[in-house]
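Chain by chain, the residues run as shown.
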Amino acid sequence: GAGVSQSPSNKVTEKGKDVELRCDPISGHTALYWYRQSLGQGLEFLIYFQGNSAPDKSGLPSDRFSAERTGGSVSTLTIQRTQQEDSAVYLCASSLAVTDTQYFGPGTRLTVL
Amino acid sequence: EDQVTQSPEALRLQEGESSSLNCSYTVSGLRGLFWYRQDPGKGPEFLFTLYSAGEEKEKERLKATLTKKESFLHITAPKPEDSATYLCAVAPRSNYQLIWGAGTKLIIKP
């Protein structure tokens, strides 16, 4: 079956611009996670959605970051007024339930000039 | 504080030279330990989940083992296509969030 998909695969933007990153989870997966991975670093948790519950936004690094999940499926991560330190790979993962194995998408590489 | 440490940071082996990667963890109650493989430019690919000390799982040339303090990923007679970064993550009982190690970059030379 189809895995987690993310778009775009690459995004180059200028400092100060807003960007939107999209994630399509595996069908039927109720949990969805966003992570950030900087070069040579481990995965940094950003935000988590579980079904219709309020998302856990505890990992968002600043109020420039926000995310939504529509209809319990597709999710969009928005970064406003991008800064150079936002440059990283943004990974999305989904799981059947919160305690289950997370399956990752290919990521979006964001470069802020 | 819950913590995961992977060693070594990088490992270069000749094709066929077996070795092990280490994942040491400190967590207040372990729900599970996960191993992933990540190729350059791609997302992590799930390999194994281990739940209790003494558990072992195998897949092709890889075998993962678990004790109360650490996990090993043993690679037997590796091939160049096994080159990747291997990530370890721990799921504590107290929190659904995974705690990730920084990874071990494995390079297998032909």
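Preceding this paragraph is the structure being described.
Everything in this summary refers to the structure shown in the same document. (Residues numbered from 1 in each chain as written. Chains lettered and ligands numbered in written order. Predicted model: local features only at pLDDT ≥ 70, side-chain atom pairs only at ≥ 80, totals over all residues. Heavy atoms only, no water.)

### Describing the pattern of salt bridges
Close approach of charged atoms allows side chains with opposite charge to pair.
Link 1 in the chain: Taken as a whole and assessed by the stated rule, the structure comprises seven salt bridges over all chains.
Link 2 in the chain: A:Asp86 is the salt-bridge partner of A:Arg64, the closest N and O atoms lying 2.8 Å from each other. Here A:Arg64, found in the loop between β5 (43–50) and β6 (65–69), pairs with A:Asp86, found in the loop between β7 (75–79) and β8 (88–95); they are 22 residues apart in sequence, far enough to count as distant. Side by side, A:Arg64 and A:Asp86 carry an identical accessibility label, which is buried.
Link 3 in the chain: Between B:Lys57 and B:Glu55 there is a salt bridge, and its shortest N-O distance comes to 3.8 Å. (Salt bridge = Lys/Arg side-chain N within 4 Å of Asp/Glu carboxyl O. Helix = DSSP H or I, 4+ residues; strand = E, 2+ residues; numbered from the N terminus. Buried < 20%, exposed > 50% of the residue type's maximum accessible area, 1.4 Å probe, protein only.)

### Brief notes about the nonpolar core
Residue and element names in this part refer to chain B.
Link 1 in the chain: One finds Tyr-25, Leu-33, Trp-35, Leu-73 and Tyr-86 to be the most contacted residues of the largest nonpolar core, which totals 24 residues.
Link 2 in the chain: Listing elements by their share of this core, those giving two or more residues are β2 (10–14), β3 (19–26), β4 (30–38), β5 (45–50), β7 (62–66), β8 (70–75), β9 (84–92) and β11 (104–109).
Link 3 in the chain: Looking at this core, the element that brings in the most residues is β9, giving four residues.
Link 4 in the chain: For Tyr-86, the residues in contact, after removing those within four places along its chain, are Gln-6, Leu-21, Trp-35, Tyr-36, Arg-37, Leu-47, Leu-62, Leu-73, Gly-103, Thr-104 and Leu-106. (Core = buried A, V, L, I, M, F, W, Y, C linked by side-chain atoms within 4.5 Å. Contact = heavy atoms within 4.5 Å.)

### Considering the sheet that holds strand β3 (residues 19–24) of chain A
All names here are of chain A.
Link 1 in the chain: Here we have four strands laid out as an open sheet, ordered β1-β3-β7-β6, and antiparallel in their pairing. If you trace the sheet from one side to the other, it starts and ends with β1 (5–7) and β6, each paired once. If you compare each strand with its neighbour and ignore which way they point, the axes differ by 15° on average.
Link 2 in the chain: Alignment of β1 against β3, held across three bridges, turns out to be antiparallel. When the sheet's bridge partners are listed, Gln-6 is paired in β3 with Cys-23. (Pairing = 2+ DSSP bridges. Axes fitted to C-alpha atoms, helices over the stretch in contact; angles between N-to-C directions.)

### Considerations on the packing of aromatic side chains
To describe a pair of aromatic rings, one takes the distance between the centres and the angle between the planes.
Link 1 in the chain: Counted according to the given criterion, the structure contains 11 aromatic pairs over all chains.
Link 2 in the chain: For the ring pair A:Phe104 and B:Trp100, a centre distance of 5.7 Å and an interplane angle of 80° mean the geometry is edge-to-face. With one member in each of two chains, A:Phe104 in strand β9 (residues 103–104) and B:Trp100 in strand β10 (residues 99–100) form a pair that bridges those chains.
Link 3 in the chain: Three or more aromatic residues joined by ring pairs form one cluster here, namely A:Tyr33, A:Tyr35, A:Phe45, A:Tyr48, A:Tyr103, A:Phe104, B:Tyr36, B:Phe46, B:Tyr96 and B:Trp100. (Phe/Tyr/Trp six-rings, centres within 6.5 Å; stacked < 30°, edge-to-face > 60°.)

### Some remarks on the pairing of β5(B)
Residue and element names in this part refer to chain B.
Link 1 in the chain: By the bridge criterion, five bridges tie β4 to β5 in an arrangement that is antiparallel. When the sheet's bridge partners are listed, Phe-34 is paired in β5 with Thr-49.
Link 2 in the chain: Counted along the chain from β4 to the antiparallel partner β5, the turn is six residues long, and its residue Gly-41 has a positive phi close to 80°.

### Overview of the side chain of A:Ser94
Residues and elements named next belong to chain A.
Link 1 in the chain: Positionally, Ser-94 belongs in strand β8.
Link 2 in the chain: Accessibility expressed as a relative area gives 0% for Ser-94, which makes it buried.
Link 3 in the chain: In terms of polar contacts, Ser-94 uses its side chain to reach the backbone amide nitrogen of Ile-26, at 3.3 Å. (Polar contact = N/O pair within 3.5 Å; in protein donor to acceptor, adjacent residues only side chain to side chain.)

### Side note on the interface of chain A and chain B
Link 1 in the chain: Taken together, the contacts link 18 residues of chain A with 17 residues of chain B.
Link 2 in the chain: For the chain A and chain B pair, buried surface summed over both sides reaches about 1,400 Å², with 56% attributable to carbon and sulfur atoms.
Link 3 in the chain: Among the residues chain A hides against chain B, the three largest losses belong to A:Leu43, A:Thr101 and A:Phe104. Together they make up 29% of the total.
Link 4 in the chain: Connecting chain A to chain B are zero salt bridges.
Link 5 in the chain: For the interface between chain A and chain B, the tally reads five residue pairs in polar contact (both at pLDDT 80 or more).
Link 6 in the chain: When contributions to the side of chain A that touches chain B are tallied by element, the ones reaching two or more residues are β4 (31–37), β5 and β9 of chain A.
Link 7 in the chain: Across the side of chain A that touches chain B, the residue classes break down as 10 nonpolar, seven polar and one charged. (Buried area = accessible area lost by both parts, 1.4 Å probe. Nonpolar A, V, L, I, M, F, W, Y, C, P; charged D, E, K, R; others polar.)

### Points about the environment of A:Asn10
Residues and elements named next belong to chain A.
Link 1 in the chain: You can see Asn-10 is positioned in strand β2 (residues 10–13).
Link 2 in the chain: By relative accessible area, which is 51% here, Asn-10 ends up exposed.
Link 3 in the chain: Taking the C-alpha atoms as reference points, Asn-10 and Tyr-35, 25 residues apart in sequence, are found 16 Å from one another.

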